[in-house]
Amino acid sequence: MDKVEAKKKIEELSKELRKHNHNYYVLSRPSISDFDFDMMLKELQSLELTFPEFAEENSPTKRVGGDITKKFPKVKHKYPMLSLDNSYSTEEIIEFEERAKKLVEGELTYTCELKYDGVAIGITYVNGQLKYGVTRGNGQEGEDVTANVKTIRSIPLELSGDFPAEFEIRGEIILPRANFDRMNEERIKEGLEPYMNPRNTASGTLKLQDSAVVASRGLDAFLYGLYGDDLPFQDHFESVMKAADWGFRIPPIDQNYIKKCQNIDEILEFINYWDEKRTELGFDIDGIVIKVNSYQQQKQLGYTSKSPRWAISYKFKAESVSTRLKEITYQVGRTGAITPVANLEPVLIAGTTVKRASVHNADQIEKLDIREGDTVFVEKGGEIIPKITGVDLSKRAPGLKVHSYATHCPECGTALIRKEGEAQHFCPNAIGCPPQIKGRIEHFISRKAMNIDGMGTETIDQLVNEGLIRNYADLYSLKTEDLLPLERMAEKTVENLLNGLEESKEVPFERVLFAMGIRYVGETVAKKLARHFKTMENLLNASLEELIAVDEIGERIAESLIEFFTIEENRTIQHVLAQQGLRFELEESQLADMSDKLAGNTFVVSGVFTNYSRDEVKAEIEKNGGKVSGSISGKTNYLVAGENMGPSKKAKAEKLGVAIINEEEFSKMIQ
Ligand code: IVH
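No experiment lies behind these values; they were computed from the predicted model shown.

Once that is clear, we can look at the site of the ligand. Near the ligand lie 13 residues; those nearest to it are E113, L114, E172, Y224 and K291. Between the ligand and the protein, one listed contact pairs a nitrogen atom with a side-chain N or O atom of E113 at 2.8 Å. The separation between a nitrogen atom of the ligand and a polar main-chain atom of Y116 is 3.1 Å. Relative to its unbound accessible surface of 520 Å², the ligand loses 90% to contact with the protein. Counting only elements with at least two residues in the shell around the ligand, the list comes to β3 (110–116) and β10 (285–292). If one sorts the elements of the shell around the ligand by residue count, β3 sits on top with four residues. Grouping the constituent residues of the shell around the ligand by class yields eight nonpolar, one polar and four charged.

Written out as structure tokens, the structure is:
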């Protein structure tokens, strides 16, 4: 075959295969036998091998996979990927609907959808070609898993019709139950542990390096939202319908997967329908999502820092089952907190085998009178760890002993303490208790803290067990010759690890402070403290009163800080870290940006701005010493008002005499 013929044939086959794929996976109307489809695909594959110059970027052969991705590059989301506000009762849905009605002008309609239980994905199309598929990640940036996304056959690689030049479509990648069960059957045959549940398996699969393996697992996707700068429609429901014209498979209206609702009764009807019918679906859902349709009204309702105010999810009630409690054991956390764990006779809840459940603390055990050997009720709600909600007393065997709570640490034998007013017991042996030592180091290296590449839990276990490190400061004195003799430590691994440590010296002060694992000093508190005190030295020398004087730092946090730095070992560690060159002060650029122009003032930010995003306005306020609040109250000094601000906010501000300023006036305040 000559080049001209080959090019023509490749184009023909691609077109033909694309059409059959669409008919089968999007429209559920097969138009060719599987055998003929495979033959055609093989022909195309072989032509592409011989004439790679004609292989299209989005050729149907990409469905089969084969591309290997070693490391998924990080990609910043053009539109942040937020989450949804959850609700567990219909009352909350009624409140949501009433609130929405109050806050916007005009008639409201809603779209009700299934809340697919999978992994979120954002797929960008440019000129009708699938360009990137990116995971949610931390909401701001995710991982580029394009090659794997392309193997999902219901996701079009090329669009048809009058699609916008560039847009993103978001949805959920799921693993249908049948495919999950098939995989597990095979695993069990091979003597391997079965996978936990379809959601985790979908998530793991999407991050496999070999896209051919991904293709073989049978992932699927449901798409639920369009994002773009100039989308050619006014409302959400319309946008979903339109996506079908471009080649996307949309949730079938005739099977009630999606419904346009006019009022609360229709919404509740949709919820009740799926509460009953959800087990009949071939995939997992964990609730229902209700969205305000009109984009204009969505804009008026706006966003909280985490989620849109124009949407809410209704989570189905947790499934409750009963099983036997074999034994209560105790876990020691990184801060020494003791958590009792119920070890159960394995039981299936909501598709997951559960062997352990949480019982919170000693009071809870006493209150529910939980005894080893009891039959207990176990529930799995929104949280990951199931919990015990009660005891089936009718099944209690005679002679079961009242449970006596542990008095000593199961790991190091130290007598446990319980502070007044606190629910949890603690092991006070912070310096010598192995899980506390390891836990602190694990926290130190974690992504949001020092983010040290090349190091994981296993490495830390080895390092601590071999006596090479006793605390996180010791990490920085590790040498190649200490590490190489350890198990699974190749030269490259050691090099990565040492590089990771070296690079961590650039991590900003606020994250170093967070990494130190001071009780109650989370990410936000660390940021507040760093911005206020500017250097570690200032923080170390601060008195209790000076600490409490900082906005949002209460007595509990202040006392914890003082206690932490009173301990000699912590002072030494801090000293070593400083000597190793970790950042213990704000960077010049951060300092230069800061001022106290807005100190003592509380702001509420609402609406859309021209020169800033809403988050940028908030960041500016904080950088200049002001405080940002989510709602208007007597304490609010200024409402920074953008376009399309909700009318109720404005009314409230006027009523309370809060100064309303526009973007320009705000700009002037910080100049
Ligand atoms: S809309 C701004 N619709 O639920 C948030 N999300 O907690 C827009 N999800 O991460 C999300 N089904 O991955 C939306 N029909 C649906 C959904 C859905 C599942 C997931 C989504 C998101 C999470 C939010």
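All chains considered together, the criterion is met by 26 aromatic pairs. Here a set of aromatic residues connected by ring pairs shows up, and it is made of Y116, F222, Y257, Y273, W274 and F283. Positioned above the aromatic ring of Y227 is the side chain of R170, whose terminal nitrogen or guanidinium carbon lies 4.3 Å from the ring centre. The ring of F222 is capped by R249, whose NZ or CZ atom sits 5.0 Å from the centre of that ring.

Before going further, it helps to examine the pattern of salt bridges. Applying the stated criterion across every chain yields a total of 38 salt bridges. Here E502 ties to K505 by a salt bridge, and the two come within 3.3 Å at their closest N and O atoms. Residue E502 is classed as partly exposed on the basis of its relative accessible area of 49%. On the basis of relative accessibility, which here comes to 14%, the residue K505 falls in the buried class.

Relative orientation of the contacting elements helix α12 (residues 434–445) and helix α13 (residues 457–465) amounts to 135 degrees, with a least axis distance of 10 Å. Viewed along their axes, α12 and α13 adopt a mutual orientation that is oblique. The chirality of how α12 crosses α13 is right-handed. Contact residues: I437, K438, I441, E442 and I445 in α12; T457, I460, D461, V464 and N465 in α13. For the contact of α12 with α13, the class distribution of residues is five nonpolar, two polar and three charged.

Computed from the structure, the second largest pocket encloses a volume of approximately 770 Å³. Y25, V26, S28, D220 and R249 are the residues nearest the centre of the second largest pocket, which is lined by 33 residues in total. Counting residues per element, the ones that place at least two in the lining of the second largest pocket are α1 (3–26), α7 (211–217) and β8 (220–227). In terms of residues, the lining of the second largest pocket owes the most to one element, α1, which gives four residues. Taken together, the residues of the lining of the second largest pocket sort by class into 19 nonpolar, nine polar and five charged.

About the thresholds
- Residues numbered from 1 in each chain as written.
- Predicted model: local features only at pLDDT ≥ 70, side-chain atom pairs only at ≥ 80, totals over all residues.
- Heavy atoms only, no water.
- Near = heavy atom within 4 Å.
- Polar contact = N/O pair within 3.5 Å; in protein donor to acceptor, adjacent residues only side chain to side chain.
- Areas by Shrake-Rupley, 256 points an atom, 1.4 Å probe, with all protein chains shown as cover.
- Helix = DSSP H or I, 4+ residues; strand = E, 2+ residues; numbered from the N terminus.
- Nonpolar A, V, L, I, M, F, W, Y, C, P; charged D, E, K, R; others polar.
- Phe/Tyr/Trp six-rings, centres within 6.5 Å; stacked < 30°, edge-to-face > 60°.
- Lys NZ or Arg CZ within 6 Å of the ring centre and 35° of its normal.
- Salt bridge = Lys/Arg side-chain N within 4 Å of Asp/Glu carboxyl O.
- Buried < 20%, exposed > 50% of the residue type's maximum accessible area, 1.4 Å probe, protein only.
- Axes fitted to C-alpha atoms, helices over the stretch in contact; angles between N-to-C directions.
- Parallel < 35°, antiparallel > 145°, perpendicular 65-115°, else oblique.
- Left-handed = near helix turned anticlockwise from the far one by under 90°.
- Contact = heavy atoms within 4.5 Å.
- 1 Å grid on protein atoms, 1.4 Å probe; cavity = no way out; pocket = protein on both sides within 12 Å on 5 of 7 lines; lining within 4 Å.
- Points joined across faces, edges and corners; volume = space filled by probe spheres on them.

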